[in-house]
Structures are given as structure tokens and as C-alpha cells.
Amino acid sequence: MSFVDRRIEARPSTGEAPFALNEVFFSRTDERGVIQAGNFVFKRVANYEWEDLIGAPHKVIRHPDMPKGVFQLFWDTLNAGDSIGAYVKNKAKDGLYYWVFAVVVPCEGGFLSARIKPSSALFEDVKSAYAELLQAETNDGLSPEDSAAKLMEWIRGKGFEDYHQFATHALSEELLARDTGLERPKDPKITDLRKMMSNAETLVGETQGLVKDFDAMHTIPHNLRVIASRIEPSGGPVTVLSQNYGAMSREMSDWFAAHVMGENSNFNTIKLAVTNSLFVEGMARILNECDAQLKTERRGLGDIDMEAERKILSNLVETEMARAAKGVEEVDHEAERIMRACQVMHRQFLGLSSTRVLCKIESARLPESGETLSDIIDQLGVFQERISRRLDDITKLSNEIRMMEN
């Protein structure tokens with residue numbers, strides 16, 4: 001046993017169990033959460049003998065400080081067939097505690113959980129949120145479902161739309177903080193995907209701005225027709241042109257609603273695609289590190305068939321790496337779709353611009369109120385310029401996302 005091993009295994013009488021930042025430990029359970037296998041780091045940190053762990057429910061290491069609402073979200077997600085990431089405080093056999101950030105992946109016959117030591121600034125916020133949630137469960141008698149709902153309120157208050165988005169952010173925060181703590185370069189894939197996420201969120205903001213611009217622009221052709229009807233004969237050129245402009249802008253708005261704001265629209269899809277890609281990439285990295293560590297372990301592991309466990313873990317790594325690669329392809333595809341959509345919008349804007357210029361020419365020929373008409377037509381120009389600028393920004397962001405993937 002090396003000096004480092006002896007130092008790690010020297011346990012204090014109270015407080016936190018020794019768990020190094022560079023370590024990863026895993027456990028595998030059946031579908032009911034009964035422990036089937038684990039690695040030596042898991043055994044050492046939890047301070048149990050193998051005969052006490054294998055066949056025991058995983059909640060044997062559950063710490064009483066953990067809110068029930070967290071596990072409600074945990075099992076709801078796993079039972080739906082999805083992977084999850086979560087902060088968890090565990091309790092060792094000798095009463096010491098240890099915090100982990102766990103990624104749990106469904107596997108054949110149950111679930112595999114790989115855990116790292118959390119060290120990010122977000123972790124401190126989560127500990128405070130858990131303490132408040134536990135107090136609410138105790139004082140107000142919250143059910144696990146109500147506690148989970150209260151946790152989701154906190155998560156949304158942090159600006160996340162759902163738990164998956166929060167867990168993805170937390171996972172990337174922990175991996176980057178881990179790199180910093182271990183004095184190694186930050187993971188370039190995680191860093192690039194985080195930049196993509198920022199771009200995807202900016203895309204959403206630009207989309208919302210486009211919606212507001214279209215809504216504001218709708219009233220202008222109507223006002224143009226009202227004024228034109230007062231100063232030119234019925235069916236005059238400005239009236240007709242303003243009607244055409246209104247029809248064209250409505251057609252563009254309808255196209256925009258169908259292709260941009262719908263449930264399966266470009267903009268909704270790309271944010272989810274980037275989120276999924278980032279989560280899977282981070283999960284694959286942890287599983288990969290766990291696999292590498294497992295191959296170097298030479299400690300006694302009881303009756304566990306570690307060759308079989310290595311095979312299960314290696315297969316999961318391969319599967320998740322393939323999923324990560326597919327996620328990258330999906331992000332690229334959605335970014336390309338958005339760029340094509342912007343090109344269509346730009347072509348339609350050429351038609352609007354031509355109609356606006358004709359309106360401007362005709363209003364100048366009218367003997368009365370031409371200046372008022374001209375002002376309204378100028379307002380159309382302002383909105384068109386603003387929308388065109390947003391489309392350029394969206395195209396640029398989408399292109400940046402594609403370049404990061406390639």
C-alpha cells in the first residue's frame with residue numbers, strides 16, 4: 001500500500017469521509033435499487049464490507065440530510081427510462097458523510113451510477129437549497145411529490161426550464177471545476193458545448209424579439225390604409241400597396257409561427273439538442289474515467305466478477321459515446337435548418353422592401369397628408385431593418401454552432 005493510499009484510507013472520527021477529487025466510484029443495482037456490484041473506491045468511502053453491501057438496498061448509504069423530493073425526481077426520471085445527474089449526500093457505515101455528483105444510467109437489469117466529488121460554486125448553492133427543502137419537509141410535512149415540486153420552483157428560479165437542463169448545467173460545472181482543481185486543461189468538448197448552449201439561449205432571445213417585432217409591425221399597414229383612404233380615391237395605389245404589404249407580412253408571420261414557434265420548430269429543437277449533447281458528453285466522460293480507473297484497480301472485490309462489470313461499463317461507455325456523436329450531428333442539422341429558414345425569410349423580405357418603396361413613391365405624389373404617410377412608411381422601414389438585423393444575428397449564431405461541431 002502506497003503512502004497516498006494509507007493517507008486516503010486514514011479516516012477521521014467525525015466529519016467527511018476521505019474521497020479524493022481525482023477518484024470516481026461506481027455501483028450497479030437491479031431495477032429495485034438493490035446493490036449488485038461496486039468498485040473498491042465505493043467500498044472504501046462507504047466503509048462497508050462487501051458482504052454488507054452486495055444485496056443491500058442502495059438506500060443503506062442514504063444520509064438523513066437528503067430531502068425526499070430529490071429522490072422523487074431521481075426515480076421518476078429513471079423509471080421513465082432516462083439518465084439523470086444529481087447532487088447527493090451519503091452516509092458511511094461509521095457515520096461520516098460524503099457528497100457526490102452522481103450520473104445514473106439505465107443498464108441491462110437495472111442501473112449503473114458513477115460518482116465524482118463535487119467542487120463547483122453551484123454545489124454550495126445546492127447544499128443551501130437542500131437544507132431549506134429538508135426543513136420544509138420537516139416543518140410543513142411535505143410529501144415527496146410536494147418536495148420535488150418545491151425543488152423545481154428553486155430550479156426555475158435559477159433560470160432553468162426543467163430538471164434536465166439544470167442537471168446538464170451542474171454536470172458541466174462540476175467537470176470544469178474538476179479540471180481546474182486537478183490543474184489540467186479544461187475539457188475542450190465541454191467548453192465548446194457550453195458555448196453552443198450560450199448561443200442557443202441567445203437564439204431563443206432573438207426569436208422572442210422577432211415575435212415582438214412582427215406583432216408591432218402588424219398594425220402599421222392598417223394605419224397606412226386608413227390614412228390613404230382619406231386622401232386618395234377608393235382603391236387608389238397606396239391603399240392597394242398597403243393591402244399587399246399587410247397580406248405579405250401576415251404570410252411571413254404565419255410562416256414564422258409554423259417554422260419557428262411550433263413545438264417541433266427549429267429554435268425549440270436546437271436548444272434541446274445542445275442540452276442533450278452536453279449532458280451525454282459529460283456523462284460519457286465520467287463513465288470513461290470510471291472505466292479507466294476500474295481497469296487499474298487490483299484490490300479484493302469479494303465475489304464480484306469484475307471482468308463482467310468492466311464489460312458492462314465498457315459497453316455503456318461505447319453506447320454513450322455513440323449517443324454523444326449522434327447528438328453532435330443533431331445539433332449541426334438543427335443549426336443548418338435555422339440557417340435555411342433565415343434565408344427563406346430574407347427572400348420574403350425582398351418582396352416586402354419592394355412594396356414599401358412603391359408605397360413611398362406613391363405617397364410622395366399625393367397632394368395632401370403625404371408627409372404623414374411617409375412617416376408611417378418609414379416606420380415600416382425601421383421594423384424591416386430590425387427584423388433583418390435579427391435574422392443576420394441568428395444566421396451568424398447558427399453558423400458559429402456549426403463551426404464548433406466541425
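What you are looking at is a predicted structure, and each value in this text was computed from that prediction instead of being measured.

### Concerning the packing of aromatic side chains
Turning to step 1, where the next piece is worked out: Per the counting criterion, the structure on display carries 13 aromatic pairs.
Turning to step 2, where the next piece is worked out: Between Trp-75 and Phe-111, the aromatic rings sit 5.6 Å apart at their centres with planes inclined by 80°, giving edge-to-face as the arrangement. Taken together, the positions of Trp-75 in helix α4 (residues 68-79) and Phe-111 in strand β5 (residues 110-116) put the pair 36 residues apart, joining distant regions of the chain.
Turning to step 3, where the next piece is worked out: Ring plane angle 75° and centroid distance 4.9 Å describe the contact between Tyr-87 and Phe-101, whose orientation is recorded as edge-to-face. Taken together, the positions of Tyr-87 in strand β3 (residues 84-91) and Phe-101 in strand β4 (residues 97-107) put the pair 14 residues apart, joining distant regions of the chain.
Turning to step 4, where the next piece is worked out: Take Tyr-87: its relative accessible area is 1%, and that puts it in the buried class.
Turning to step 5, where the next piece is worked out: Cluster of aromatic residues (ring-pair linked, three or more members): Tyr-87, Trp-99, Phe-101, Phe-123 and Tyr-130.
Turning to step 6, where the next piece is worked out: Sitting over the face of the ring of Phe-71, Arg-62 holds its NZ or CZ atom 3.9 Å from the ring centroid.
Turning to step 7, where the next piece is worked out: For the cation-ring pair, Arg-115 lies above Phe-42, with the distance from its terminal atom to the ring centre recorded as 5.0 Å.

### Details of the pattern of salt bridges
Turning to step 1, where the next piece is worked out: Going through the model one piece at a time under the given rule, you end up with 22 salt bridges.
Turning to step 2, where the next piece is worked out: The salt bridge involving Glu-281 is made with Lys-189; its shortest N-O contact spans 4.0 Å. Taken together, the positions of Glu-281 in helix α10 (residues 266-296) and Lys-189 in helix α8 (residues 188-231) put the pair 92 residues apart, joining distant regions of the chain.
Turning to step 3, where the next piece is worked out: Ionic pairing is found between Arg-390 and Glu-206, a salt bridge with its closest N-O pair at 3.3 Å. Here Glu-206 lies in helix α8 and Arg-390 lies in helix α12 (residues 370-405), a separation of 184 residues in the sequence.

### Notes on the packing of helix α5 (residues 121-140) against helix α6 (residues 144-157)
When two helices pack together, their arrangement is given by the angle between the helix axes and by the axis-to-axis distance.
Turning to step 1, where the next piece is worked out: Their axes nearest at 10 Å, the elements α5 and α6 cross at an angle of 145°. Handedness of the crossing formed by α5 with α6: right-handed. Across the interface between the two elements, Asp-125, Val-126, Ala-129, Tyr-130, Leu-133, Ala-136 and Glu-137 from α5 touch Ser-147, Lys-150, Leu-151 and Trp-154 from α6.

### Describing α4
Turning to step 1, where the next piece is worked out: Here α4 spans 16 Å end to end across twelve residues, near enough to the 16 Å set by a 1.5 Å rise per residue.
Turning to step 2, where the next piece is worked out: Those residues of α4 not exposed but buried are Gly-69, Val-70, Phe-71, Gln-72, Leu-73, Phe-74 and Leu-78.
Turning to step 3, where the next piece is worked out: Each element contacted by the buried residues of α4 is listed here: β3, β4, β5, α5, α6 and α7 (163-181).
Turning to step 4, where the next piece is worked out: Looking one or two places after α4, you find Gly-81, whose phi comes out positive at around 90°.

Quick notes on the rules
- Residues numbered from 1 in each chain as written.
- Predicted model: local features only at pLDDT ≥ 70, side-chain atom pairs only at ≥ 80, totals over all residues.
- Heavy atoms only, no water.
- Phe/Tyr/Trp six-rings, centres within 6.5 Å; stacked < 30°, edge-to-face > 60°.
- Helix = DSSP H or I, 4+ residues; strand = E, 2+ residues; numbered from the N terminus.
- Buried < 20%, exposed > 50% of the residue type's maximum accessible area, 1.4 Å probe, protein only.
- Lys NZ or Arg CZ within 6 Å of the ring centre and 35° of its normal.
- Salt bridge = Lys/Arg side-chain N within 4 Å of Asp/Glu carboxyl O.
- Axes fitted to C-alpha atoms, helices over the stretch in contact; angles between N-to-C directions.
- Left-handed = near helix turned anticlockwise from the far one by under 90°.
- Contact = heavy atoms within 4.5 Å.
- Expected span 1.5 Å × (residues − 1).

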